[in-house]
Amino acid sequence: MADKEPVSKVTVEKDRKGQYFFALTFRGVTYPVTGPFTNALQAAAAGQSALKNLEDRTSGRKV
């Protein structure tokens, strides 16, 4: 049976004012909401970039 790491994902949400934010979950830990962005695509791209940076930083270490 393979070891399963907790889920890592980016969630984009829109607030009442029409601004977009992303929430990042990395290895089961949810980070504070980041934003605002003018559209969902910008928020998603920023979230994916942040997730990739976290993955790159921890790729060499075992937790």
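Please refer to the structure placed before this passage.
What you see is a predicted model; the values in this text were computed from it and never measured.

Conventions and cut-offs
Counting of residues starts from 1 at the beginning of each chain's written sequence and follows it residue by residue. Since the coordinates come from a predicted model, pLDDT governs what is reported: local features require at least 70, and pairs of side-chain atoms require 80 or more to be given and counted, while whole-chain, interface and lining totals use all residues. Side-chain measures were taken over the full set of non-hydrogen atoms in the model, leaving aside hydrogen atoms and water. Helix and strand assignments come from DSSP, with helices taken as H or I runs of at least 4 residues and strands as E runs of at least 2, each series counted from the N terminus. Partly exposed residues are those whose accessible area sits between 20% and 50% of the maximum for their type, while under 20% is buried and over 50% is exposed, using a 1.4 Å probe and protein chains only. Nitrogen and oxygen atoms within 3.5 Å of one another constitute a polar contact, given that in protein one can donate a hydrogen and the other can accept it, and given that sequence-neighbouring residues count only through two side-chain atoms. The contact rule is simple, with two residues in contact once any of their heavy atoms fall within 4.5 Å.

Before going further, it helps to spend a moment on the environment of asparagine 39. Structurally, asparagine 39 is set in the loop between β4 (34-37) and α1 (40-58). Take asparagine 39: its relative accessible area is 31%, and that puts it in the partly exposed class. Here the alpha-carbon distance between asparagine 39 and glycine 18, two residues 21 residues apart in the chain, equals 8.5 Å. A polar contact is formed between the side chain of asparagine 39 and the backbone nitrogen of glutamine 42, at a distance of 2.8 Å.

Attention now goes to the environment of glutamine 19. With respect to the helices and strands, glutamine 19 occurs in the loop between β1 (9-14) and β2 (20-26). Owing to a relative accessible area of 33%, glutamine 19 belongs among the partly exposed residues under this scheme.

On to the side chain of threonine 58, then. Inspection of the secondary structure assignment puts threonine 58 in helix α1. Polar contacts involving the side chain of threonine 58 include one to the side chain of arginine 27, which spans 3.5 Å. If sequence neighbours within four positions are ignored, threonine 58 has contacts with Phe26 and Arg27.

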